[in-house]
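Residue-level structural notes
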Amino acid sequence: MIRLLLVDDQQLVRAGLTRIFDGEPDVEIVGECADGDEVARAVARCAPDVVLMDVRMKRVDGAEATRLLRSRTDAPPVLVLTMFDDPEVVAAALAAGAAGFVLKDAPGEEIIQATRAVAAGKGWLDPAITPHVLRACRTAFRPRPAPSGGLSDRERQVLSLIGGGATNPEIAARLNIAEGTVKTHIGSIFTKLGLRDRTAAVIYALRHGLTGDEADA
């Protein structure tokens, strides 16, 4: 059972999310918060497995609430709800440690799928907002020299394409390799660099200036 905490300053949004998850046998909504400053207490009280968090709130926004929450050793992963026009806020939430991002107006099944993915320890980055997130992150992160981390040339190419927002099928087509091979390379990249999920890989690539060009090297 996935224990879910809803955080949004609009009651109608929380009600809509409750309807989306109603009837899902593996998800239980254990609490709601009307602003980011309520999250820490709610997490301590409800012990959720995932926090579904809005980015724009009146007192404490989602990025700051995520940063404060992720400073706890036992913090649950945060899945951020965002809109198309929130790339800078999303970049801040990404840097704060959010595990994934899903659009507020995404189909209910996609929100449920994203929640399950994050609960399972995976990342989730909605393809529709990936270009906006990458653009904001390139501005927010000053590139650092990229340590090799023991990566092979092919793994560096794959990581670079991840940083450029490419999906696994797109990486396979770009490098003329099988999609299964792409998945194998990604697993090796995660292990060698100590990355938890694809979201962390995007952050790593952006911070080290790996955003697509290396795939042509």
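Our structure is the block above this text.
Below is a summary of the structure that appears in this document.

Conventions we followed
- Residues numbered from 1 in each chain as written.
- Predicted model: local features only at pLDDT ≥ 70, side-chain atom pairs only at ≥ 80, totals over all residues.
- Heavy atoms only, no water.
- Helix = DSSP H or I, 4+ residues; strand = E, 2+ residues; numbered from the N terminus.
- Buried < 20%, exposed > 50% of the residue type's maximum accessible area, 1.4 Å probe, protein only.
- Contact = heavy atoms within 4.5 Å.
- Areas by Shrake-Rupley, 256 points an atom, 1.4 Å probe, with all protein chains shown as cover.
- Salt bridge = Lys/Arg side-chain N within 4 Å of Asp/Glu carboxyl O.
- Pairing = 2+ DSSP bridges.
- Axes fitted to C-alpha atoms, helices over the stretch in contact; angles between N-to-C directions.
- Arc of directions from axis to C-beta.
- Right-handed = clockwise from strand over helix to strand, strands pointing away.

Bringing the overall build of the chain into the picture now. Helix and strand content of the chain: 10 helices and 6 strands. Sorting the 217 residues of the chain into buried and exposed places 49% on the buried side. Put simply, of all contacts in the chain between residues at least 6 apart along the chain, 68% involve residues at least 24 apart. For the chain, the accessible area works out to roughly 10,100 Å², and carbon and sulfur atoms hold 51% of it.

Counting across every chain of the model gives 11 salt bridges. R67 serves as the salt-bridge partner of E64, at 2.6 Å between the closest nitrogen and oxygen. With E64 and R67 both in helix α3 (residues 62-70) and 3 residues apart, the pair spans about one turn of that helix. When its relative accessible area of 30% is taken as the criterion, E64 is described as partly exposed. On the basis of relative accessible area, R67 is assigned to the partly exposed category, the value being 43%. A salt bridge links D74 to R72; the nearest nitrogen and oxygen atoms lie 3.5 Å apart. D74 sits in the exposed class, given a relative accessible area of 53%. If you follow the salt bridges from partner to partner, you end up with D8, D54 and K104 in one network.

Inspection of the secondary structure puts T184 in helix α9 (residues 179-193). Residues T184 and E155, 29 residues apart in the sequence, show an inter-C-alpha distance of 9.6 Å.

Once that is clear, we can look at the sheet that holds strand β2 (residues 27-33). Taken together, the 6 strands give an open sheet; going across it, the order is β2-β1-β3-β4-β5-β6, and neighbouring strands pair in parallel fashion. Edge positions in the sheet fall to β2 and β6 (124-125), since each of these pairs with one other strand and no more. Relative to strand β3 (residues 50-54), strand β1 (residues 2-7) runs parallel, the two being bridged by 4 bridges. By the bridge assignment, V7 is partnered in β3 with M53. Contacting β1, β2, β3 and β4 (78-82), helix α1 (residues 11-21) crosses the sheet at an angle of about 170° to β2.

Covered by surrounding structure in strand β5 (residues 100-103) are G100 and V102 together with F101 and L103, the residues of both alternating faces. Here 4 bridges tie β4 to β5, and the two strands are oriented parallel to one another. Paired with V80 across the two strands is F101, which belongs to β5. Direction of pairing for β5 relative to β6: parallel, over a ladder of 2 bridges. The residue bridging F101 from the neighbouring strand is L125, located in β6.

To continue, consider helix α2 (residues 39-46). One turn of an α-helix holds 3.6 residues; hence residues three or four places apart share an orientation. All of the buried residues in α2 are V39, A42, V43 and C46. Buried residues of α2, viewed axially, fall in a sector of 100°; they line one side. Structural note: α2 exposes R41, A44 and R45 on the side pointing more than 90 degrees away from its buried face. On its buried face, α2 sits against β1, β2, β3 and α3. Backbone geometry just downstream of α2 places A47 in the positive-phi region, at approximately 50°.

With respect to burial, β4 is a largely interior element, 5 of its 5 residues being buried. Side chains V78, V80 and T82 project from β4 onto one buried face, and the interleaved L79 and L81 project onto a second face that is buried too. As paired elements, β3 and β4 share 4 bridges and run parallel to each other. Paired with D54 across the bridge in β4 is L81. For the segment spanning β3, α3 and β4, crossover handedness is right-handed.

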